[in-house]
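# Observations on the three-dimensional arrangement
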Amino acid sequence: PGNQKPLMKRFSPHLVCVLLVSFLSVTSAEKPNILLIFADDIGYEALNCYGGLDFKTPHLNAMAESGVRFSRAYTSPVCTPSRVSLHTGLYVPRHGHTGVLPVHRGTTKKVDFQKMPTFAQLMRANGYATSVTGKWQLATLEAWPEHIRRAGFDSWCIWQIWRQGKKTLRHWNPTFNQDGKVREDIADRFGPDVLVDYVVEQMAEAKKAGKPFLIVHNELLPHDPIIQTPNEKTSGHKASLGGMINYMDQLVGRVLEAIE
C-alpha cells in the first residue's frame, strides 16, 4: 500500500513457485495448461515422498518423482491468509489478512481482489479458461455472488459454507455453488468426488474450445471433521485421518488419469 510495484514485477518471484508444481500438461511452450491442487490442512510429513510413514500416498509420490519437489517453503498455516497469498502472490504482512474470514457465520466482509489483483485475472485476460473448486472462504457468496468471477474465474464449483442462516456440509450431503446456483443434484454424493468430476469436465470443455486452462482445485480433504469416505462406507471401517488422506491421493490419481 502506498508503494505498489507494477503488477507483473510484483507477481514474478512468488508466482513462479506456485506454477512450477502445476504444469501437468502442455498445449504449447507459450501457454501451458495449469492444474493447481491445493489440499486442505495436510502437512508435508504426511506424504511418503517427504519421508512420511503413516499413510499411503502413491499417486502423490508419483507426481513428486516425475516433477519438481520443493524441500523448503514458507506459508501461513491458516485458511484465509494462505489462500489470499496463493491468489495474489503477496506475503501475509503485505495483504493484511491474518485470521480466518468468518464465512461460516455469514460475514459480509470480503477479500478485495480489485485492490489486490490475482494471477487468475491475468491469465483470463491472456486467453485462459479459468475455473476454481472447493473451499473459497474469501467471501460469503450469498452476500457477494460475483466475488469469484471478479477474482478472475469464469466458472466455479465451490462449497457454499453459509446458506440461509446456517453453516452447510462439504463431504456428504454437500452444498456446492456452481456458477451462481446451488446444486440440487448431489445430496447423496461425496463432495470431493463431485469436485473431481467438475475438474475433468472443465479440462475437456477447454480442450474442445481450443483454449488453455487454469484450474485451481481446492481439495476438501483431509480437513476435519474426520469422516468416512466412500471406501470406509463400503468396507465398514471407521472414519480415520488415514482413510481421508488415502482417498485424497486416490482422487489425485483420477485427475492424473484424466490428464493423460
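On a predicted model such as this, the values are computed, not experimentally measured, just so you know.

### So, the side chain of glutamine 137
- By secondary structure assignment, the location of glutamine 137 is in the loop between β3 (129-134) and α6 (147-150).
- When its relative accessible area of 7% is taken as the criterion, glutamine 137 is described as buried.
- Once you skip the residues sitting within four places of it in the chain, glutamine 137 turns out to touch Cys79, Thr80, Val100, Leu101, Val103, His104 and Ile161.

### What about helix α2 (residues 58-66)?
- Buried residues of α2: Leu60, Asn61 and Ala64, and no others. Down the axis of α2, the buried side of the element spans an arc of 105°, and every buried residue falls inside it. Turned more than 90 degrees away from the buried face of α2, the exposed residues are Glu65 and Ser66.
- Those residues of α2 that are buried lie in contact with α9 (241-259).

### Regarding the pairing of strand β9 (residues 213-218)
- Burial analysis of β9 places 6 of its 6 residues in the buried class, the great majority of the element.
- Alternating positions in β9 separate into two faces, Phe213, Ile215 and His217 on one and Leu214, Val216 and Asn218 on the other, with burial throughout.
- One ladder, built from 5 bridges, connects strand β2 (residues 32-38) with β9; its direction is parallel. What sits directly across from phenylalanine 38, in β9, is asparagine 218.
- Direction of pairing for β3 relative to β9: parallel, over a ladder of 6 bridges. Counterpart to threonine 133 in the pairing with β9 is histidine 217.

Definitions and limits used
- Every chain is numbered independently, its residues counted from 1 as its sequence is written.
- For a predicted model such as this one, the threshold for reporting local features is a pLDDT of at least 70, and the threshold for listing and counting side-chain atom pairs is 80 or more; totals across whole chains, interfaces and linings nevertheless cover every residue.
- Only hydrogens and water are set aside; all other atoms, that is, all heavy atoms of the structure, feed into the side-chain values.
- Where helices and strands are cited, they refer to DSSP runs of H or I of at least four residues and of E of at least two residues respectively, numbered from the N terminus.
- Note on exposure labels: buried denotes an accessible area under 20% of the residue type's maximum, exposed denotes more than 50%, and partly exposed covers the range between, all computed with a 1.4 Å probe on protein chains only.
- Note on contacts: a residue pair is in contact if any heavy atoms of the two residues lie within 4.5 Å.
- What the arc measures is the spread of directions leading from the helix axis to the C-beta atoms.
- Two strands qualify as a pair provided DSSP detects at least 2 bridges between them.

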